[in-house]
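Tertiary structure, described
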Amino acid sequence: MDELNDQQQQRIKKLDVLRELGVQPYGTRFEATDRAGSLTRLHGEKSKEALEAERVTCRLAGRIVALRRFGKAAFAVLQDGADRLQVYLKKDLLTEQAYKVCEGLDLGDWIGVSGHLFRTKTNELTVEVAELAFLSKALRPLPEKWHGLTDVETRYRQRYVDLIANPQVHAIFAARSKIIAGIRAFLIEKGFLEVETPMMQPIPGGATAKPFVTHHNALGVDLYLRIAPELYLKRLIVGGFPRVFEINRNFRNEGISTIHNPEFTMLEFYVAYADYHDLIALTEELFSRLAREVLGTTTIEYQGKSLNLASPWRRWSYRQAILEVNKLNERVLTDRAAALAAAKQLGIEVEDKAAHVDILNEIFEETVEPQLIQPTFITDYPIEISPLARRKDSDPSLTDRFELYIAGREIANAFSELNDPLDQRQRFEAQDAQREAGDEEAHYLDEDFLRALEHGMPPTAGEGIGIDRLVMLFTNQASIRDVILFPQLRPEK
RNA sequence: GAGCCGGUAGCUCAGUCGGUAGAGCAUCGCCCUUUUAAGGCGAGGGCCCUGGGUUCGAGUCCCAGCCGGCUCACCA
């Protein structure tokens, strides 16, 4: 413990005062049959007279977050989850011991009370306490009652204090839970099986990213924290599960920013016999349903922008979007020199030796992405940047793939899966060549995954949705750290 | 990794030109049995992020570092 300040010392002294009164400062169970929220819902509208007549008794517990004393009586506000309820502690109504406990109460202490509901002179629903149980002593003071805790670093490092002091933070994580529960219910209703696949993988696959490495002592091998579950979920499709999903953490050893945390939560799901068009429909249905369930509307506010999640959403091919946004001639799609010239004209920095596909992608990211505010499916990505996606039958240089953009940000990535083992081997080999050429993030060749495909994978469509960014969108948060309970920070001191 | 901004009491923040460290809330004492940012009177509480430097004198100026935020780069 740090050196104690005067407030902490005062509180430690009170532990002995409680013990002398025969009260355990760290007690045991208390049967809270009521919750502040449900009491308010059930009785919050009733008049003073109706409450007096009914004489509703209740029993609840919570943390004291406000305390106003008046000589021989006091009002305390109990925080119970996301809700608060005032309680009235009056000397006349309490035992001598209970009243002495009251005199030593501090902000932050946990108590349990029972009594009956009434309305005060100022018409606030309040519990008149008949019995008081002391549950737990807080030895540190709470943040200031009016401004709460605003220091961002303390909010992230000591999320417990943030949650006590800032009720709106509570609401964000309640919404996160509701979103994830909604996704589960939706997919299970559609016949999906929820599975768990390895977080520690001998070959990190399914995405292009730098992995974390760890070591297993008994096996004497290095293992990678997964960057994606994709290749394992496809193995399960080979094994005969026609619909699977996983909601779990991915780990990427890359920068930290307002939209990147080293560990983040990903939903991936795979549907046998389907293609990416089916996933477009499924995605629209999922999002509009989530919005209605969680927010009660399909029109959402995000950082000052109004977003309409009601389907259908815009579909726009990757190449068409590049041409239309920049009013470019189709020649840039086939002529590398023309693409390079166009990029330079648009003021986009591109290395002179950059590949054609990378030049176009640079143009896309710089000029198209920021415009994709309303939900938009960008379709038909080039094959070079889609190593696991199926080729388009109509154009083998493209893939049956889409990315969903909302508020200028990529929210989902989906494609008809490549199930041709020979084509997949060639794509892996192309990625290997890029690795040889110095691309640290090229996809690794996974021999066992190829063996699985050689056993035959049915036509399958698969999709990944970044849950943290989805929660940001639904809760109107600008930073990913505000939707992750314990975001990654440098260790203290 | 680079640029900009910040770090002062438990919390939220002031601190002028370099001259004895301030407020509100919280805490402690006294008064107060319907308050709600309760009120009244009184009191205590500081590693001014750390380490150097300049100066008679540094919270303040300079240098280096630590931690955080934002922007950019990489990325989902």
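Conventions we followed
Note on numbering: residues in each chain are counted from 1, in written sequence order. Whichever chain is written first becomes A and whichever ligand is written first becomes 1, with later ones labelled in order. Given that this is a predicted model, residues contribute local features only at a pLDDT of at least 70 and side-chain atom pairs are listed and counted only at 80 or more, while totals for whole chains, interfaces and linings are drawn from all residues. Working from all heavy atoms in the structure, the side-chain values ignore hydrogens and water. Residues belong to one nonpolar core when they are buried, are Ala, Val, Leu, Ile, Met, Phe, Trp, Tyr or Cys, and are joined through side-chain atoms within 4.5 Å. Working definition: with a 1.4 Å probe on protein chains only, accessible area under 20% of the residue-type maximum means buried, over 50% means exposed, and in between means partly exposed. Contact between two residues is taken to exist if any of their heavy atoms lie within 4.5 Å; hydrogens are not considered. For the purposes of this entry, the term helix denotes a DSSP run of H or I that reaches at least four residues, the term strand denotes a run of E that reaches at least two, and both are numbered from the N terminus. Here, proximity means that at least one heavy atom of the residue falls within 4 Å of the molecule or strand. Here a polar contact means two N or O atoms within 3.5 Å. Within protein one must be a hydrogen donor candidate and the other an acceptor candidate, and residues neighboring in sequence count only if both atoms are side-chain atoms. Boundaries between domains were set according to an automatic or database domain assignment. Note on pairing: two strands pair once DSSP finds at least 2 bridges between them. Axis angles are defined between N-to-C directions and span 0 to 180 degrees, where every axis is a line fitted to C-alpha atoms and, for a helix, only to the segment in contact. In this scheme Phe, Tyr and Trp rings, the latter by its six-membered ring, pair at centre separations within 6.5 Å, and the angle between planes marks the pair as stacked below 30 degrees, edge-to-face above 60, and tilted otherwise. In our convention, an over-ring charge means Lys NZ or Arg CZ found within 6 Å of a ring centre and within 35 degrees of that ring's normal. What a helix should span is 1.5 Å times the count of its residues minus one. Note: the arc covers the axis-to-C-beta directions of the helix. Under this scheme an angle from 65 to 115 degrees is roughly perpendicular, one under 35 degrees roughly parallel, and one over 145 degrees roughly antiparallel; angles in between are oblique. Left-handed describes a crossing in which the near helix is turned anticlockwise from the far one by less than a right angle; the clockwise case is right-handed. Each residue gets one label: Ala, Val, Leu, Ile, Met, Phe, Trp, Tyr, Cys and Pro are nonpolar, Asp, Glu, Lys and Arg are charged, and the others, such as Gly, are polar.

Across soluble globular proteins, nonpolar side chains show a tendency to be buried alongside one another. Counting residues in hydrophobic clusters, the biggest one holds 49 residues, and the most contacted among them are I183 and F269. Sequence-distant contacts of F269, defined by excluding residues within four places in its chain, comprise L187, F192, V244, F245, L279, L282, A461, G462, E463 and I465. Listed in part, the 28 residues of the second largest apolar core include I64, Y99, L105 and L132.

Let's shift gears to the side chain of E403. Topologically, E403 is positioned in strand β16 (residues 401-406). Apart from residues lying up to four places away in sequence, E403 is in contact with T376, F377, I378, Y381, E410, A412 and N413.

Within the structure, RNA strand B sits among 52 residues, and T122, K145, E153, H260 and R469 are positioned closest to it. Here, RNA strand B places atoms within 4 Å of the protein, and 56% of those atoms are sugar or phosphate. In the model, a base nitrogen of RNA strand B is placed 3.2 Å from a nitrogen or oxygen of the G71 main chain. Note that a base oxygen of RNA strand B is positioned 2.7 Å from one of the side-chain N or O atoms of T120.

So, on to the domain arrangement of chain A. Domain annotation for chain A reports domain 1 (2-141) and domain 2 (168-313 + 374-482). Of note, the centres of domain 1 and domain 2, computed from C-alpha atoms alone, are 48 Å apart.

With that settled, consider the sheet that holds strand β17 (residues 409-416). As summarised here, the arrangement of the eight strands in space is β6-β10-β11-β18-β17-β16-β15-β14, forming an open sheet in which the pairing is mixed. The sheet is open, and its two borders are formed by β6 (193-194) and β14 (314-317), each paired with just one other strand. One ladder, built from four bridges, connects strand β15 (residues 376-379) with β16; its direction is antiparallel. By the bridge assignment for β16, I378 is matched with E403. Relative to the sheet, helix α7 (residues 167-189) contacts β6, β10 (243-251) and β11 (263-272), its axis offset from that of β10 by approximately 150°.

Spatial ordering of the open sheet is given by β7-β9-β8, a layout of three strands whose pairing is antiparallel. In this open sheet, the two edge strands, each paired with only one partner strand, are β7 (200-201) and β8 (213-216). As judged from the four bridges shared by β8 and strand β9 (residues 221-225), these two strands associate in the antiparallel manner. In the strand pairing of β9, V213 is matched with Y224.

Here we take up the packing of aromatic side chains. Inspection of the entire model under this criterion finds 13 aromatic pairs. Summarising the aromatic geometry, the rings of F75 and Y88 are spaced 4.6 Å apart at their centres and angled 25° between planes, so their arrangement reads as stacked. Residue F75 is located in strand β2 (residues 73-80), and its partner Y88 is located in strand β3 (residues 83-90); the two are separated by 13 residues in the primary sequence. With relative accessibility at 16%, the residue Y88 sits in the buried group. When the centroid spacing of 5.9 Å and the interplanar angle of 90° are considered together, the rings of F192 and F269 count as edge-to-face. Taken together, the positions of F192 in the loop between α7 and β6 and F269 in strand β11 put the pair 77 residues apart, joining distant regions of the chain. The pair F192 / F269 is uniform in exposure class, with both members buried. Three or more aromatic residues link up through ring pairs in this structure, and these residues are F70, F75, Y88 and F118. Sitting over the ring of Y232, R235 keeps its end group 4.4 Å from the ring centre.

The next point concerns helix α1 (residues 6-20). An α-helical segment advances 3.6 residues per turn. Residues three or four places apart therefore align on the same side. Across its 15 residues, α1 extends 22 Å between first and last C-alpha, which sits within 8% of the 21 Å expected from 1.5 Å per residue. Residues Q8, R11, L15 and L18 constitute the buried set of α1. Buried residues of α1, seen end-on, are gathered within an arc of 75° and therefore sit on one face of the element. Those residues of α1 that are exposed and angled more than 90 degrees off the buried face are D6, K13 and E20. Elements that come into contact with the buried residues of α1 comprise α4 (96-103) and β5 (125-136). Looking at where α1 begins, the residue whose side-chain oxygen comes 2.8 Å from the main-chain nitrogen of Q7 is N5.

A separate point is the pairing of β11. A regular strand places its side chains on the two faces of the sheet in alternate fashion. For β11, a buried count of nine out of ten residues is recorded, marking the element as mostly surrounded by other parts of the structure. As defined by bridge partners, β10 adjoins β11 across nine bridges and the pair is classed as antiparallel. Among the inter-strand pairings, R249 is bridged to a residue of β11, identified as T265. The pairing of β11 with strand β18 (residues 460-466) spans seven bridges and is classified as antiparallel. The residue of β18 that forms the bridge with E268 is G464.

For the rest of this paragraph, the subject is the packing of helix α12 (residues 336-345) against helix α13 (residues 356-368). Where α12 contacts α13, the axes come no closer than 9 Å and their chain directions differ by 30°. Accordingly, the angle class assigned to the pair α12 and α13 is roughly parallel. At the point where α12 passes α13, the crossing takes the left-handed sense. Contact residues: R336, A339, L340 and A343 in α12; H356, I359, L360 and I363 in α13. Looking at the contact of α12 with α13, its residues break down into six nonpolar, one polar and one charged.

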